[in-house]
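Coordinates in review
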Amino acid sequence: CTDVSRQWTALRNIIMAKPRYAAVELGGMSIRLAIAEGTVDNIVERTVLVTETPEVTIPKIIAWLREQQPFVSLGIASFGPIDPRKGSPTYGYITTTPKVTWRNFNLLAALDVFDVPIGFDTDVNAPAVFEFNHAIENNDSTMTSCAYITVGTGVGIGLVVNGQPVHGLLHPEGGHMPYPKRSDDTFDGMADWNIPQGIEANTCALALQERAGLDSPDGLKDLSDDHPVWTHAAHFLAGACINLILIASPERIVIGGGVMNRTCLFPMIRAEVQRVLNGYLKVDSIVTDKIDSYIVPAVYENDAGIIGALALAKSTIEHTEPERLPVPLREPRMVPYVTGAFLGVLATLAFQKFGPKL
């Protein structure tokens, strides 16, 4: 009766104001799914799937999430470009992604099968909002802005300004901003990228793999900290930070993603930011050692993306119109009836399984 027990625990938690949030973090190589109870960092169930075609992947996502029901909301944080503009005819789509099989795919519609509110944003805006809210709640109640950079199979940048994620025309795609390479850099960027001079085409895991002459990005973990590939990575990532500082002036820059497990990159990036800005901005967070708390790793490191998606789910249920809420949350008077119905099902299943032995 493990499944029955889990379902009853889930329903009980909803009734006791300990809701379950569901999340999907859709990445280029893998998809992370999770359930959190009560708080977004209390992950009680999780799994990882390989990113295949939508026809193969979507049924696997739905099947896993169905096994975890009930939950009160779903947060979807996806690689992009996506269309996050409500009211747009392509709202909820993955649009002009380099991943051809996912191009112009209506992701939101494909996963809208659970009758719960859904939050939808990029896989960098979602963690950017979480990092911002975490800072507000823990140590900087005056903060109004935050940038989040992820460096993995791709490079993405999310931006929060005045407490809200920036979408604008569509959403930021700062991972593709061009930046001049070092004079000793002979790598010309990933040839099949739309913008080979961009940050991603020179610094994502695939680009670093190619720079180092490796067969797989997995080999990056075996390189020494003084390998030249990290010097070039730090150069381009510092360029991303410099442009963010000069254009958006965020009060914190958070960098996460698998590549940033190479922690030696952080002091290299900070030093390059200070060198290039050359004292132009007389702000302690940049010109002094306070830069160590300005350009920082993600709070939950490798879990930044999935925690961000869970935070998106939580925010969505908190801002949902009452008529769109799941019944137990929408109409408290229904809780006894829902509970009674569930207990009836539970009793029936228990009798079917154990009745002959009683």
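Quantities reported herein were computed from a predicted structural model and do not represent experimental measurements.

**Let's talk about helix 2 (residues 54-68)**
An ideal rise of 1.5 Å per residue puts 21 Å on 15 residues; helix 2 measures up with 21 Å between its terminal C-alpha atoms. Every buried residue of helix 2 is listed here: Pro54, Thr57, Ile58, Ile61, Ile62, Trp64, Leu65 and Gln68. Summarising the axial view, the buried residues of helix 2 lie within an arc of 165°, below the 170-degree limit, and thus occupy one face.

**With respect to the nonpolar core**
Ranked by internal contacts, the top residues of the largest apolar core, which has 44 residues, are Ile149, Ile253, Ile255, Ile269, Val273 and Ile295. For this core, the secondary-structure elements that each account for two or more residues are strand 8 (145-151), strand 9 (155-161), helix 5 (199-203), helix 6 (205-212), helix 7 (228-247), strand 11 (253-256) and helix 8 (265-277). Broken down by element, this core gets its largest block of residues, twelve residues, from helix 7. Those residues in contact with Ile253 that sit more than four places away from it in its chain are Ala147, Ile149, Cys241, Leu244, Ile245, Tyr294, Ile295 and Val296. In terms of nonpolar packing, the next biggest core, distinct from the first, is built from 29 residues, Ile31, Ile62, Leu107 and Ala110 among them.

**Describing the pattern of salt bridges**
Two side chains of opposite charge can pair, provided their charged atoms sit close to one another. Taken as a whole, this structure holds 13 salt bridges when the rule is applied. Of the charged contacts, one joins Arg32 and Glu25 as a salt bridge, the two residues approaching to 3.9 Å between their closest N and O atoms. Here Arg32 matches Glu25 in class, with each residue buried. With its nearest N and O atoms 2.9 Å apart, the salt bridge here joins Arg211 to Asp185. Of the two residues, Arg211 is situated in helix 6 and Asp185 in the loop between strand 10 (164-165) and helix 5; the sequence distance between them amounts to 26 residues. Because the salt bridges share partners, they merge into one network encompassing Glu25, Arg32, Arg46 and Asp303.

**What to know about the sheet that holds strand 11**
Spatially, five strands are ordered 10-9-8-11-12 in an open sheet, and the strand pairing comes out mixed. The open sheet is flanked by strand 10 and strand 12 (295-297), the only strands paired with a single partner. For strand 11 and strand 12, the ladder comprises three bridges, and the chain directions are parallel. Along strand 12, the bridge assignment pairs Ile253 with Ile295. Helix 7 rests against strand 8, strand 9, strand 11 and strand 12 of the sheet, and its axis sits at about 160° to strand 8.

**A look at a nonpolar patch on the surface**
On the surface, Leu246, Ile247 and Tyr280 cluster together into a nonpolar patch covering about 410 Å² of accessible area. Relative to the helices and strands, Ile247 is located in helix 7.

**What to know about the side chain of Arg211**
Arg211 sits in the buried class, given a relative accessible area of 18%. Excluding residues that lie within four positions of it along the chain, Arg211 makes contacts with Asp185, Phe187, Asn202, Val229, His232 and Phe236.

**Examining the environment of Leu49**
By secondary structure assignment, the location of Leu49 is in strand 3 (residues 43-50). The class of Leu49 is buried, set by a relative accessible area of 17%. With residues near it in sequence (within four places) discarded, Leu49 still touches Met29, Ser30, Ile31, Leu33, Lys60 and Ile61.

**Quick word on the confidence of the model for the protein**
As a note on interpretation, predicted positions should not be read in detail where pLDDT is low. For the protein, the mean per-residue pLDDT works out to 88, and 84% of the residues sit at or above 70. Note that pLDDT drops below 50 for residues 331-335; the model gives that stretch three contacts with residues more than four away or on any other chain.

**Quick look at the packing of aromatic side chains**
Summed over the entire model, instances satisfying the criterion amount to six aromatic pairs. Taking 5.7 Å as the distance between ring centres and 50° as the angle between the ring planes, the aromatic pair formed by Phe130 and Tyr300 counts as tilted. One end of the pair, Phe130, is in helix 4 (residues 125-138); the other, Tyr300, is in the loop between strand 12 and helix 10 (304-318), and 170 residues separate them in sequence. We classify Phe130 as buried; its relative accessible area is 10%. On the accessibility criterion, Tyr300 (30% relative accessible area) is partly exposed. Each member of the aromatic cluster is reached from another via a ring pair, and the members are Phe79, Trp102 and Phe105. Cation over ring: Lys99 sits above Phe79, and NZ or CZ is 4.6 Å from the ring centre.

Scoring rules and cut-offs
- Residues numbered from 1 in each chain as written.
- Predicted model: local features only at pLDDT ≥ 70, side-chain atom pairs only at ≥ 80, totals over all residues.
- Heavy atoms only, no water.
- Helix = DSSP H or I, 4+ residues; strand = E, 2+ residues; numbered from the N terminus.
- Expected span 1.5 Å × (residues − 1).
- Buried < 20%, exposed > 50% of the residue type's maximum accessible area, 1.4 Å probe, protein only.
- Arc of directions from axis to C-beta.
- Core = buried A, V, L, I, M, F, W, Y, C linked by side-chain atoms within 4.5 Å.
- Contact = heavy atoms within 4.5 Å.
- Salt bridge = Lys/Arg side-chain N within 4 Å of Asp/Glu carboxyl O.
- Pairing = 2+ DSSP bridges.
- Axes fitted to C-alpha atoms, helices over the stretch in contact; angles between N-to-C directions.
- Patch = residues over 30% accessible without salt bridge, like charges linked within 9 Å, V, L, I, M, F, W, Y side chains within 5 Å.
- Areas by Shrake-Rupley, 256 points an atom, 1.4 Å probe, with all protein chains shown as cover.
- pLDDT = per-residue confidence, 0-100.
- Phe/Tyr/Trp six-rings, centres within 6.5 Å; stacked < 30°, edge-to-face > 60°.
- Lys NZ or Arg CZ within 6 Å of the ring centre and 35° of its normal.

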